[in-house]
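The lines below spell out each chain.
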Number of protein chains: 2
Amino acid sequence: MTLADLRTAHETTLDAAIKANAERTFHAHWPEAPSGKIYGETANDEALARFQSQLNNRFARLGDADEWIGEEVSPYGFDLGITYPAADVETLVSRSSAAQTAWQSLTPFDRATILVEALERGAKSFFEIGYATQHTTGQGFVMAFQASGPHAFDRALEATALGLAAQSSFTPGVMWTKSMGKISVSIEKTYRIVPRGINLVIGCSTFPVWNTVPGMFAGLVTGNAVIVKPHSGAVYPIAIVVAALRDVLAELGMDPNIIQMAVDTAAEPLTLHLVKHPSVSIIDYTGGPAFGAVVESAATEHRKAVFTEKAGVNCVILDSTEDLEKAMDNLAFSLTLYSGQMCTAPQNIFIAKDGMLVGGEHVSVDAVSAKLREKIDALVFNEKAGPGTLGAVQNPITAARVAEAAALGFEVVRSSEPVTQPGFDGSRSMSPLVLKTDTAHADVYTKEWFGPISFIVVTDSFEDSLNEVVSSIHQHGALSSLVYTTNAELMQTAEDAIVSAGAPVAFNFNSFVWVNQSAAFSDFHGTGCTPAGNATFADWQFVTNRYNVVGVRKQA
Amino acid sequence: MTLADLRTAHETTLDAAIKANAERTFHAHWPEAPSGKIYGETANDEALARFQSQLNNRFARLGDADEWIGEEVSPYGFDLGITYPAADVETLVSRSSAAQTAWQSLTPFDRATILVEALERGAKSFFEIGYATQHTTGQGFVMAFQASGPHAFDRALEATALGLAAQSSFTPGVMWTKSMGKISVSIEKTYRIVPRGINLVIGCSTFPVWNTVPGMFAGLVTGNAVIVKPHSGAVYPIAIVVAALRDVLAELGMDPNIIQMAVDTAAEPLTLHLVKHPSVSIIDYTGGPAFGAVVESAATEHRKAVFTEKAGVNCVILDSTEDLEKAMDNLAFSLTLYSGQMCTAPQNIFIAKDGMLVGGEHVSVDAVSAKLREKIDALVFNEKAGPGTLGAVQNPITAARVAEAAALGFEVVRSSEPVTQPGFDGSRSMSPLVLKTDTAHADVYTKEWFGPISFIVVTDSFEDSLNEVVSSIHQHGALSSLVYTTNAELMQTAEDAIVSAGAPVAFNFNSFVWVNQSAAFSDFHGTGCTPAGNATFADWQFVTNRYNVVGVRKQA
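Peer 1: Help me out: how do you make sense of the overall build of chain A in this one?
Peer 2: Looking only at helices and strands, one finds 20 helices and 22 strands in chain A. The C-alpha radius of gyration of chain A comes to 24 Å, within 12% of the 24 Å expected for a compact globule of 556 residues. The dimensions of chain A, computed from C-alpha atoms along their principal axes, are 80 × 70 × 45 Å. The proportion of buried residues among the 556 residues of chain A is 61%. Taking all contacts inside chain A whose residues are at least 6 apart in sequence as the whole, residues at least 24 apart take part in 75%.

Peer 1: Please explain helix H18 (residues 462-476) of chain A as it appears in this structure.
Peer 2: Residues that lie three or four places apart on an α-helix share one face, since the helix turns once every 3.6 residues. All names here are of chain A. For H18, built from 15 residues, the straight-helix expectation of 21 Å at 1.5 Å per residue is met to within 8% by its first-to-last C-alpha distance of 21 Å. Those residues of H18 lying buried are Phe462, Ser465, Leu466, Glu468, Val469, Val470, Ser472, Ile473 and His476. Contact partners of the buried residues in H18: strand E12 (315-318), strand E14 (348-352), strand E19 (453-459), strand E20 (481-484) and helix H19 (488-501). Once H18 ends, the next one or two residues include Gly477, with phi positive near 75 degrees.

Peer 1: Before we go on, may I ask you to explain the relation of the copies chain A and chain B in this structure?
Peer 2: Relating one copy of the chain to the other requires a rotation about an axis plus a shift along that axis. Once chain A has been moved 0.0 Å along the axis and rotated by 180 degrees, it coincides with chain B to within an RMSD of 0.0 Å. Viewed as a symmetry operation, the transformation between the two copies matches a two-fold axis.

Peer 1: Could you clarify how one ought to interpret the sheet that holds strand E17 (residues 411-414) of chain B in this entry?
Peer 2: For sheets, the rule is that strands pair by backbone hydrogen bonds, running either parallel or antiparallel. Spatial strand order, E5(A)-E6(A)-E22(A)-E21(B)-E20(B)-E12(B)-E14(B)-E19(B)-E18(B)-E17(B): 10 strands in an open sheet with mixed pairing. Each edge of the sheet is formed by a strand with only one pairing partner; in this case those strands are strand E5 (173-180) of chain A together with E17 of chain B. Going across the sheet, the axis of each strand differs from the next one's by a mean of 25 degrees, ignoring polarity. Note that strand E22 (residues 547-555) of chain A and strand E21 (residues 505-507) of chain B share three bridges and pair parallel. Across the sheet, the residue bridging to A:Arg553 is B:Ala506, located in E21(B). In this fold helix H16 (residues 396-406) of chain B packs onto strand E18 (433-438) and strand E19 (453-459) of chain B, with an angle of close to 40 degrees to the strand it touches most, E18(B).

Peer 1: How should helix H1 (residues 3-23) of chain B be read in this particular structure?
Peer 2: Residue and element names in this part refer to chain B. Here H1 contains 21 residues, and its C-alpha end-to-end distance of 29 Å stays within 8% of the 30 Å for a straight helix at 1.5 Å per residue. At His10, H1 is deflected by roughly 45 degrees, the largest bend along its length. Arg24 sits one or two positions beyond H1 and adopts a positive phi of about 60 degrees.

Peer 1: What exactly am I supposed to notice about the packing of helix H5 (residues 108-123) of chain A against helix H10 (residues 236-251) of chain A here?
Peer 2: How two helices pack is summed up by the angle between their axes together with the distance between the axes. Residues and elements named next belong to chain A. Running from N to C, H5 and H10 point in directions that differ by 125 degrees, and their axes come no closer than 8 Å. Overall, the two elements H5 and H10 adopt an arrangement that is oblique. Two packed elements cross with a definite hand, and for H5 against H10 that hand is right-handed. Within the contact between the two elements, H5 uses Ile114, Glu117, Ala118, Arg121 and Gly122 and H10 uses Ile240, Val241, Ala244, Leu245, Asp247 and Val248. Taken together, the residues of the contact of H5 with H10 break down into seven nonpolar, one polar and three charged.

Peer 1: Any chance you could explain the interface of chain A and chain B here in plain terms?
Peer 2: A common way to report how large an interface is uses the accessible area buried once the components associate. If you look at the interface, chain A gives 54 residues, while chain B gives 54 residues. The dominant element in the side of chain A that touches chain B, judged by the number of residues it contributes, is E22(A), at eight residues. Partitioning the side of chain A that touches chain B into residue classes produces 24 nonpolar, 20 polar and 10 charged.

Peer 1: Teacher, can you tell me more about unusual backbone geometry here?
Peer 2: Trans peptide bonds make up the majority, and among non-glycine residues the majority have a negative phi. Residue and element names in this part refer to chain A. Omega for the bond connecting Phe537 with Ala538 falls within 30 degrees of zero, at -15 degrees, which places this linkage in the cis form. One non-glycine residue, Asn508, adopts positive backbone phi at about 60 degrees. Tracing the sequence through the fold places Asn508 in the loop between strand E21 (505-507) and helix H20 (540-544). Looking at Asn508, the number of C-beta atoms within 10 Å reads 22, which means it is buried.

Peer 1: Help me understand the domain arrangement of chain A, please; the structure alone is not making it clear to me.
Peer 2: Residue and element names in this part refer to chain A. By the assigned domains, chain A splits into domain 1 (3-167 + 193-310) and domain 2 (315-507). Computed from C-alpha atoms alone, the centre-to-centre distance between domain 1 and domain 2 is 32 Å. Counting from both sides, the interface comprises 14 residues of domain 1 and, opposite them, 16 residues of domain 2. No other element matches the three residues that helix H7 (residues 141-148) contributes to the side of domain 1 that touches domain 2. When grouped by side-chain class, the residues that make up the side of domain 1 that touches domain 2 number six nonpolar, seven polar and one charged.

Peer 1: In this structure, what is going on with the environment of B:Glu309? I would like to understand it.
Peer 2: Residues and elements named next belong to chain B. In this structure, Glu309 sits in strand E11 (residues 305-309). For the pair Glu309 and Val434, spaced 125 residues apart in the sequence, the C-alpha separation amounts to 26 Å. In this structure, Glu309 is in contact with Asn211, Thr286, Cys343, Gly526, Gly533 and Ala535, ignoring residues within four places of it in sequence.

Peer 1: Looking at this model, I keep getting lost on the pairing of strand E6 (residues 183-195) of chain A. Mind explaining?
Peer 2: Consecutive side chains along a regular strand alternate between the two faces of the sheet. All names here are of chain A. Sheet topology places E5 next to E6; eight bridges connect them, and they run antiparallel. Across the sheet, the residue bridging to Ser179 is Ser184, located in E6. In this structure, the hairpin formed by E5 and E6 is closed by a connection of two residues, where Gly181 is found at a positive phi of approximately 70 degrees.

Peer 1: How should I be thinking about the sheet that holds strand E15 (residues 356-358) of chain A in this particular structure?
Peer 2: The strand order E13-E15-E16 (chain A) describes an open sheet built from three strands, whose pairing is mixed. The open sheet has two edge strands, strand E13 (320-321) and strand E16 (361-363) of chain A, and neither has a second partner.

Peer 1: Is there a simple way to explain the packing of H18(A) against H19(A) in this structure?
Peer 2: Residues and elements named next belong to chain A. Contact pair H18 / H19: the axes reach a minimum separation of 9 Å and the direction vectors enclose 15 degrees. On the basis of their axis angle, the class for H18 and H19 is roughly parallel. Note that H18 runs across H19; the crossing there is right-handed. For the pair H18 and H19, the contacting residues are Phe462, Leu466, Val469, Val470, Ile473 and His474 in the first and Leu490, Thr493, Ala494, Ala497, Ile498 and Ala501 in the second.

Peer 1: How do you make sense of the confidence of the model for chain A when you look at a structure like this?
Peer 2: Close reading of the predicted structure is inappropriate where its pLDDT is low. The pLDDT averaged across chain A works out to 97; a share of 100% of its residues lies at or above 70. For this predicted complex, the interface confidence reaches an ipTM of 0.97, while the overall pTM sits at 0.97.

Peer 1: Would you mind showing me how to read the pairing of strand E14 (residues 348-352) of chain B here?
Peer 2: All names here are of chain B. Counting buried positions over the five residues of E14 gives four, a clear majority of the element. One ladder, built from four bridges, connects strand E12 (residues 315-318) with E14; its direction is parallel. Residue pairing in the sheet places Val316 in a bridge with Ile349 of E14. Pairing between E14 and E19: five bridges, direction parallel. Looking at E19, one finds that Ala352 is bridged to Thr459.

Peer 1: Quick question: what am I supposed to make of the environment of B:Ile82 here?
Peer 2: Within the secondary structure layout, B:Ile82 lies in the loop between strand E3 (78-79) and strand E4 (84-85). Setting aside chain neighbours within four positions, we find B:Ile82 in contact with B:Gln54, B:Leu55, B:Asn57, B:Phe59, B:Gly70, B:Glu72 and B:Tyr236.

Peer 1: What is the right way to look at the environment of A:Leu337 in this model?
Peer 2: Residues and elements named next belong to chain A. Inspection of the secondary structure assignment puts Leu337 in the loop between helix H13 (324-336) and E14. What makes Leu337 buried here is the crowd of 24 C-beta atoms within 10 Å. Along the primary structure Leu337 and Met143 are separated by 194 residues, whereas in three dimensions their C-alpha atoms are 8.9 Å apart. Other than its neighbours up to four places away in sequence, Leu337 contacts Met342, Thr389, Trp514 and Asn516.

The rules we used
Residues numbered from 1 in each chain as written. Chains lettered and ligands numbered in written order. Predicted model: local features only at pLDDT ≥ 70, side-chain atom pairs only at ≥ 80, totals over all residues. Helix = DSSP H or I, 4+ residues; strand = E, 2+ residues; numbered from the N terminus. Rg over C-alpha atoms; globule rule 2.2 N^0.38 Å. Buried ≥ 20, exposed ≤ 12 C-beta atoms within 10 Å, placed from the backbone. Contact = placed C-beta atoms within 7 Å. Expected span 1.5 Å × (residues − 1). Least-squares fit on C-alpha atoms with pLDDT ≥ 70 in both. Pairing = 2+ DSSP bridges. Axes fitted to C-alpha atoms, helices over the stretch in contact; angles between N-to-C directions. Bend = angle between axes of the 7 residues up to and from the residue. Parallel < 35°, antiparallel > 145°, perpendicular 65-115°, else oblique. Left-handed = near helix turned anticlockwise from the far one by under 90°. Nonpolar A, V, L, I, M, F, W, Y, C, P; charged D, E, K, R; others polar. Domains from an automatic or database assignment. pLDDT = per-residue confidence, 0-100.

What follows is the structure, encoded as structure tokens:
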């Protein structure tokens, strides 16, 4: 395999991705269905066997090491027992520095083709990535397959293509000739891409691939060496992706340390040591707001580029709809999917005290609440779909938070109950808790209640609801918002107010698209302009802040 | 005049500028010659009359005010006596906030056409801008005309076009349809540009237009209201540009406060109050490194976007040349032009103790130094070209620094002497001081000696010189560097080392292009990756960090 092979093999893929980024129509390089027809009839069985043989073993695909560490526990109730190569911060950084020069000397296009090759290799392990994701994050298998497989890989391809497009926007070289009357003067100019340096990507426990690969691939395509610091509880899925890229680099005769894993444990975390290391110039962070603020402060103090996706408080406004059944079906799914553990899942549902207008008829707050409960019940108690949609709760703290919310003393619209996951008796699974309150309790519901917890908040009016949402965005940020209204004027008012506050907004979702999903090549994930985070997958800032252009001029 | 008129009038100009940005060939929308044939045979006389009638009068073109302030003094030896409308920080900010909403609701293309119209209006005042610049900065008239007129306006157009291109890279809206086997689901998506907010642009005393308009136009085209805070000693030139834009806005029925001037005095500066104001979200700063660091810290602390162009220590390496006469002609001009008061002017000239190879023959350090002195003398003592090339020294502190340098006790290659400017007996003009030293005195020459001061530094070898340059870039930053070598291997080594350190580099300049000049649409000014500043005119970062894209999704 040579670079020339990769150029030929992946040019069309990159061109299509660049076009999709610009046009933002539906585009998916990898089909999302976990289907044997697409990925091979034996793919699932082989992956399951590989997953099972990996349990209680060293993850050898990242190379050898003196020390092996790992502490992953499946939210479905068993230890994974997998260990990974350990390395200290200085070793990781010096390896990255050594690998950087050769990587940055490649053209952006060559880097991009290598990255696409790594994705194509990694895609052969989608089923294993699915099982690895299921048993680290708690996601149901189908969601785990999609979120860490095709959906994540499409976001990686999106970031790669965008980074390539950005670096290709200005010519790499030109003969510049200025006419000065009878004479002219010529200068031979080249414009060199200088990466900022080592790019640290800090992953999270709930989306260890989807939230990691955009920064990882954006950093790599712009010439930086990358160190991925996964959450100590969710290493396995992203390790498969990193190993695939290291394999490709090694086959090309390049230093595989262009991409490294920094595995640590909760007891001895590496994160802040890496963040503060003077050779680390770029930091991507996905995770909770509290530690995110620590990372941001440390990065800012040291003048590093930092891209964060923390979490916000996502809001819904219920005003009017033509079809309450469909609207509540959609909202119920968004609240139930992965037990509310998506950074885009709704939390606070605002409704005026007069209730909703449904096809022109008033429906009371209680009736709307009852309909939402009914729809959640229908999903949760569906034996085929329910357990897989809910999945398991990744962190015991999240489970405790559900109990804390239930004890607030608010009216319980729907109580959370344990859920059985077939085949996994020890699973930490539970159904969504829905509480009802009013704006007098804003001190409680305006904070983030991460997990299967939502609040129906009764307000005086639509305007009141909108003010609450805007204020919440300003204070806590948001990665999504959702409004149901058939009133064109209110729709425009809500759009202007929410967009100006900096949050994305969706209207009247009533079908097979949900507010907590964002589609690669089409939806920017987050906005970068609320307290929920300063970055977006994937806008120009996300790639162009990772390198500089330096001019070279030679007298011709 | 309507927006439709402006779209028709300026589309071609914008298209050509966008193309030039990508291709980086020679492009100039406004011819650089201060010629009556181009700009009208009466343009110069009318401008001179207007300049003279403006002296000792209110600058009424910015509107009325309760209080008028101004303290400009010509470096050619007289007070300008011009006053400008004063406003306090809260007034400025509240006016900007009020003007912002309508401005951001325009399309990027409409904003761009309004800005081009303002530039075309402003271009009618190039001669007045030239006189205003001459008598605030000290630049000779021709340079003042070019630097604040066509060259600056081309940089403004470059930033406008780049900002338009960035905002046009993703479609503003799309019907997204996902096929799901027998059914499909469609979502109507729009992507709204949300400007960060008020963009403060802090100008400097030496290039009050050239260094201000890139940030000003980048901020405006991306939808932000802009406040220009000029140096209190150089208000007049940029006030003409701001007034032209305010006129265009008013004629379109828009709020002219989309662009405002914040005029202050040295005794009561507004700068830090504006920098720290919570409604100010973006800061452009050009000026000295000490205050620049204060601005950067304040901006960083408050999580604002900040674009800086401070100053560095620019270095030259002399190794070998085919033509010492031409090389020293070029270097002498760079040292003499505007008395070394360009942020891109060379300061430290490194030469190995063996001297230079000239056409294969060794030429000693002393002979090379003598040749440089001879070339500076030839320029300075040329009655026609000398005074205009030198201009006057903007700041008395700079003049004092020349005396300080002369008293260092270093060998004087060329002493600085007073220079007479015909017609201006009180001009603060002087010729370049060139000193000779060696690396034992690095503590002296490695700091910035702003003004007509340069050091020939004798080193052990080319490698030694290059190490000095790289170390200087890392510590102090650089906005230019220049190497004379005919050795291809050394050229590549120098290019790799200097580019990796983050500074632009030029080789063997020996004609009518000088290292201190950067051409709009072709040369990035600065790199953004040395201590000399974090911004470049004009790369993607320079425009894309001024806004965010927020998605709106509607069930279709």
